[in-house]
Amino acid sequence: MRHADVIIAGGGVIGLFCGWMLARSGVRALVVDSGGPAATNAAAGMLAPSFERSLHGGGDALAAFSAQSLQRWKEIAPLLRESGGVDIDFDDSGVLCVAMDDTEAAIFQADADKCDPLDRAQVLDLEPALSSSARCGWMARGNGQVDPRRVRLALRRAIGAAGGAVRLGRRVNSIESGKAHAVVLENGERLHAEQIVIATGARLGGLGDLPADATFPIKGEALAVARSGAAPTRVVITGKAYLCPKADGRVVVGATEIAGDRSLNVDERRLRDLRAAAEAAFPALDGAEEIERWAGLRPATKDGAPIIGPAPSSPGVLYALGHYRNGILLAPATADAIVALVATGRAGSDIAAFSPARFNELGVS
Ligand SMILES: Cc1cc2nc3c(=O)[nH]c(=O)nc-3n(C[C@H](O)[C@H](O)[C@H](O)COP(=O)(O)OP(=O)(O)OC[C@H]3O[C@@H](n4cnc5c(N)ncnc54)[C@H](O)[C@@H]3O)c2cc1C
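Residues numbered from 1 in each chain as written. Predicted model: local features only at pLDDT ≥ 70, side-chain atom pairs only at ≥ 80, totals over all residues.

Take the site of the ligand next. In the vicinity of the ligand there are 42 residues, among which Gly10, Gly12, Gly201, Gly220 and Gly327 approach most closely. Secondary-structure elements contributing two or more residues to the shell around the ligand are α1 (13-24), β2 (29-33), α2 (39-42), β13 (216-226), β18 (290-300) and α9 (327-344). Mapped onto the domain boundaries, the shell around the ligand takes at least three residues apiece from domain 1 (6-75 + 148-213 + 303-361) and domain 2 (95-141 + 216-300). (Near = placed C-beta within 6 Å. Helix = DSSP H or I, 4+ residues; strand = E, 2+ residues; numbered from the N terminus. Domains from an automatic or database assignment.)

As structure tokens, this is what we get:
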């Protein structure tokens, strides 16, 4: 692509979704990705906003944006599967939250108004392989999951099919904003565009005008075991672990939350604890072959909200990062917002709370 209307720095789920939606709207979009580690490849892929609030907080604006994005996933998943030519393992058959003891029951109860409460017999009816010591549960209808690695592959292909482009293995070193906008790659190449979107996940890397720590990594470790006969049939969340059965035969078990560790090493003891929690919920997983273990860096922000909108003092530059625990879920709504911003220059009220300006005005950082 000789000249792009919009260049997106970062090709995780956020940058790619923005690139695809922009290309579909007729914008010449180019995604440039360094090929470095991506949180997207580490994600379990849950589309499960219903239990985020009681367990992990987040304000009303984020809850509404999450619900909006879940709805967009339902509309757009078939199109992405078709355009990308990849089965993205989309499933919206519901997420089951299971309390294994009274403490967990009290925590999950906070979201009970949005979900269907189930007694032990009903929970076991839905998931017969669940331990009979499960206490009770809640079903979040319409929540679900995708396979994030497949989504990433599908998006890369769908961008090309929609007239956009993806350049892999190229790091954006700096951004020039002013009369003309350009990104400068690490090999010195300068690419011009009308607008630039920074979607680099947990690393701002000096790009744009936000404080360096506006987004910062919170590490998460997870593992995948082979699905045996008596495994969960849908996403199951307990207080100590979640289990996501994937179409390829894996059960992804996650995840830890480690602040202040930017490494991608995995800790043996923490993974053992995760696995023990999964086996306590589904005893038949005891002895299941471990297929993979990994760590990824969630792009966190201090107030828990993503950063979506125009750069405070760099014309032509937009941000789309800081999606922390829910970037897969929030990708479609984020891309909608970026498409609207590129077209009109104005941010909708749904993303007012995510404005990059809050870091300067309110000193969030
Ligand atoms: C263990 C774990 C489990 C998770 N589970 C879920 C889940 O179930 N559901 C959910 O919704 N979310 C989940 N998440 C969170 C989710 O993974 C993230 O919120 C999301 O992937 C962020 O996407 P992103 O595109 O912003 O960042 P990333 O996926 O990190 O992508 C950023 C990309 O930009 C590239 N890059 C960085 N700097 C530059 C540069 N200067 N130039 C060019 N490219 C650059 C990087 O190499 C990378 O490819 C999980 C995260 C972890 C770690």
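The sheet built from six strands is open, its strands ordered β8-β2-β1-β12-β20-β19 with mixed pairing. At either end of the open sheet lies a strand with only one pairing partner, and these are β8 (165-168) and β19 (307-310). Direction aside, the axes of adjacent strands within the sheet are offset by 20° on average. Of the strand pairs in this sheet, β2 and β8 are connected by four bridges, and their pairing is parallel. Opposite Val32, over in β8, you have Arg167 as the bridge partner. (Pairing = 2+ DSSP bridges. Axes fitted to C-alpha atoms, helices over the stretch in contact; angles between N-to-C directions.)

Along the chain, Asp5 falls in the segment before β1 (6-9). Overall, Asp5 belongs to the partly exposed group, with 17 C-beta atoms counted inside 10 Å. When the C-alpha atoms of Asp5 and Gly26 are compared, they prove to be 9.8 Å apart, with 21 residues separating the residues in sequence. Each residue touching Asp5, except ones within four places of it in the same chain, is listed here: Val27, Arg28, Ala29, Ala193 and Glu194. (Buried ≥ 20, exposed ≤ 12 C-beta atoms within 10 Å, placed from the backbone. Contact = placed C-beta atoms within 7 Å.)

Before going further, it helps to spend a moment on the packing of α1 against helix α7 (residues 148-161). Axes are the key here: two packed helices are described by the angle between their axes and the distance separating the axes. The geometry of α1 relative to α7 is characterised by a closest axis approach of 9 Å and an angle of 30° between their N-to-C directions. The hand of the α1/α7 crossing is left-handed. Residues Val13, Leu16, Phe17, Gly19, Trp20 and Ala23 of α1 lie in contact with α7, whose contacting residues are Pro148, Val151, Arg152, Leu155, Arg156, Ala158 and Ile159. In terms of residue class, the contact of α1 with α7 is made up of ten nonpolar, one polar and two charged. (Left-handed = near helix turned anticlockwise from the far one by under 90°. Nonpolar A, V, L, I, M, F, W, Y, C, P; charged D, E, K, R; others polar.)

Let's shift gears to α7. One turn of the α-helix equals 3.6 residues, which is why residues spaced by three or four share an orientation. Its 14 residues give α7 an end-to-end C-alpha distance of 20 Å, which sits within 8% of 20 Å, the value for a rise of 1.5 Å per residue. The buried fraction of α7 amounts to ten of the 14 residues, a majority that puts the element mostly inside the structure. Among all positions of α7, only Pro148, Arg149, Arg150, Val151, Arg152, Ala154, Leu155, Arg156, Ala158 and Ile159 are buried. On its buried face, α7 is in contact with α1, β2, α2, α4 (60-84), β8 and α9. Note on α7: the residue one or two positions beyond its end, Gly163, has a positive phi of about 100°. (Expected span 1.5 Å × (residues − 1).)

Moving on to the pairing of β13. Side-chain positions along a regular strand alternate between the two faces of the sheet. Counting buried residues in β13 gives ten out of eleven residues, a clear majority hidden from the surface. Summarising the sheet, β13 and β18 pair through ten bridges and their orientation is antiparallel. From the neighbouring strand, Gly220 faces β18, where its bridge partner is Gly296. Here β13 pairs with strand β17 (residues 258-259) via two bridges, running antiparallel. Counterpart to Lys219 in the pairing with β17 is Ile258. The pairing of β13 with strand β16 (residues 250-254) spans five bridges and is antiparallel. Bridge pairing links Leu223 to Val253 in β16.

On to the domain arrangement of the protein chain, then. Domain parsing of the protein chain yields domain 1 (6-75 + 148-213 + 303-361) and domain 2 (95-141 + 216-300). Just the C-alpha atoms count here: the centres of domain 1 and domain 2 sit 28 Å apart. In this complex, domain 1 contributes 23 residues to the contact, which on the side of domain 2 involves 28 residues. Mapped onto the side of domain 1 that touches domain 2, the elements with two or more residues apiece are α2 and α3 (52-56). Class assignment of the residues belonging to the side of domain 1 that touches domain 2 gives a composition of twelve nonpolar, eight polar and three charged.

Attention shifts here to the pairing of β16. Extensive coverage of β16 is indicated by the burial of four of its five residues. Sheet analysis places strand β15 (residues 242-245) next to β16, joined by four bridges and oriented antiparallel. Counted as the bridge partner of Tyr242 is Gly254 from β16. As consecutive antiparallel partners, β15 and β16 are separated by four residues, and within that stretch Gly249 has a phi angle of approximately 95°, a positive value.

Quick look at the sheet that holds strand β9 (residues 172-176) now. The antiparallel open sheet is built from three strands, whose spatial order is β9-β10-β11. On the outer flanks of this sheet lie β9 and β11 (190-193), each paired with one strand and no other. Across the sheet, the axes of successive neighbouring strands diverge by a mean angle of 25°, strand direction being ignored. Where β9 meets strand β10 (residues 181-185), four bridges bridge the pair, whose relative direction is antiparallel. Following the sheet pairing, Glu176 is matched in β10 by Ala182.

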